[in-house]
Structures are given as C-alpha cells and as structure tokens.
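One-letter residues, chain by chain:
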Amino acid sequence: MPYQEWKAGEPCELHGQGWCSLCKPHPHLPEHVYMTNGWSAAFHSRVTCKGLVSGQNRVASHGGDPADVVRVAVSKPISDGKFPCQICSPQFGGIVPSAD
Ligand SMILES: [Zn+2]
Ligand SMILES: [Zn+2]
C-alpha cells in the first residue's frame, strides 16, 4: 500500500489492520520491488536492473537455473532483512531495516 494510505489508517491487505506495523511501507521506497527467490540479499526497484540481470546470467553461465524474479510488496524483503540494490536504488542506500 502507498505510504499515504497507510498513514491515513487504511487497513492493510494482509491483516486488515490500520497502521499495521508489519505492513508499514517505507516512504522512500517504491511500493513494489523485484527480487529473486534465490540467494541474493538485495531487492531491486526495476526488473531491468543490471545487478538483477547479471546475477541471473551468472547463475545461468554456471549451468544453474536462475531463480524466478518475483514482484513483491516492499515490506516483504525488508522484513526478511534484505537491502536495496546499490545499482538501481543508490538513493535508498544506507537504509538499515529495523526489526520493529
Ligand atoms: Zn498488516
Ligand atoms: Zn538492482
């Protein structure tokens, strides 16, 4: 959900709760981001990100099966402790996901 809606007390999709702390969007991050189901600890603001594509290619060049790229609400990777990719999201660098 957009930060504005969260701030206005709109119920979240997952829990139907206003001001849900688990679903609190980050005001400076896109609402949805891209990540793989694989080992990467980064998430991306663009599906065309070089970091994302080259990671996939690296896996493929080693004979591996690149993990699927999935579009997720940004709260998901943040709650998993992942961080924004420095290639496509340098403006978001330095965000330390908090546990609360
Ligand atoms: Zn929620
Ligand atoms: Zn990226």
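The shown structure was predicted, so the numbers you read here are calculated from the model rather than taken from an experiment.

This part is about the overall build of the protein. Helix and strand content of the protein: three helices and four strands. Put simply, the protein runs from its N terminus to its C terminus through helices and strands in the order α-β-β-α-β-α-β. Per-residue burial over the protein gives 21% buried out of 100 residues. Restricting the contact set of the protein to residue pairs at least 6 apart, pairs at least 24 apart contribute 56%.

Turning our eyes to something else, we now look at the nonpolar core. Residues Leu29, Val33, Tyr34, Met35, Ala42, Phe43, Cys49, Leu52, Val74, Ile78, Cys85 and Cys88 constitute the largest nonpolar core, which totals twelve residues. Elements with a minimum of two residues in this core: β1 (32-36) and β2 (42-43). Looking at which element gives the most residues to this core, the answer is β1, with three residues. Those residues within four positions of tyrosine 34 in sequence are excluded, and the remaining contacts are Phe43, His44, Arg46, Val47, Leu52, Val69 and Arg71.

Attention now moves to helix α2 (residues 50-61). Between its first and last C-alpha atoms α2 spans 16 Å; for twelve residues at 1.5 Å apiece the expected length is 16 Å, and the two agree. Glycine 63 lies just past α2 and shows a positive phi near 80 degrees.

The next subject is the environment of phenylalanine 43. The topology assignment puts phenylalanine 43 in strand β2. Residue classification places phenylalanine 43 among the buried positions, given that 28 C-beta atoms sit within 10 Å. Considered as a pair, phenylalanine 43 and arginine 71 are 28 residues apart in the sequence and their alpha carbons are 9.7 Å apart. Those residues in contact with phenylalanine 43 that sit more than four places away from it in its chain are Val33, Tyr34, Met35, Pro77, Lys82, Pro84 and Cys85.

Next up on the list: unusual backbone geometry. Of note, tryptophan 19 is a non-glycine position whose phi angle comes to about 50 degrees, a positive value. Tracing the backbone shows tryptophan 19 in the loop between α1 (3-7) and β1.

Residue placement: valine 72 occurs in strand β3 (residues 69-73). The spatial distance from the C-alpha of valine 72 to the C-alpha of threonine 36 is 9.9 Å, given a sequence separation of 36 residues. Those residues in contact with valine 72 that sit more than four places away from it in its chain are His32, Val33, Met35 and Pro77.

This paragraph deals with the confidence of the model for the protein. Note: predicted coordinates in regions of low pLDDT should not be interpreted at a detailed level. Here the protein averages 84 in pLDDT, while 89% of its residues score no lower than 70. Here residues 94-100 scores under 50 on pLDDT; set against residues more than four positions off or in separate chains, the count is six contacts.

Looking now at the environment of tryptophan 39. You can see tryptophan 39 is positioned in the loop between β1 and β2. Put simply, tryptophan 39 and alanine 67 are 28 residues apart on the chain and 8.7 Å apart in space, counted from C-alpha to C-alpha.

How each quantity is defined
Residues numbered from 1 in each chain as written. Chains lettered and ligands numbered in written order. Predicted model: local features only at pLDDT ≥ 70, side-chain atom pairs only at ≥ 80, totals over all residues. Helix = DSSP H or I, 4+ residues; strand = E, 2+ residues; numbered from the N terminus. Buried ≥ 20, exposed ≤ 12 C-beta atoms within 10 Å, placed from the backbone. Contact = placed C-beta atoms within 7 Å. Core = buried A, V, L, I, M, F, W, Y, C linked by C-beta atoms within 7 Å. Expected span 1.5 Å × (residues − 1). pLDDT = per-residue confidence, 0-100.

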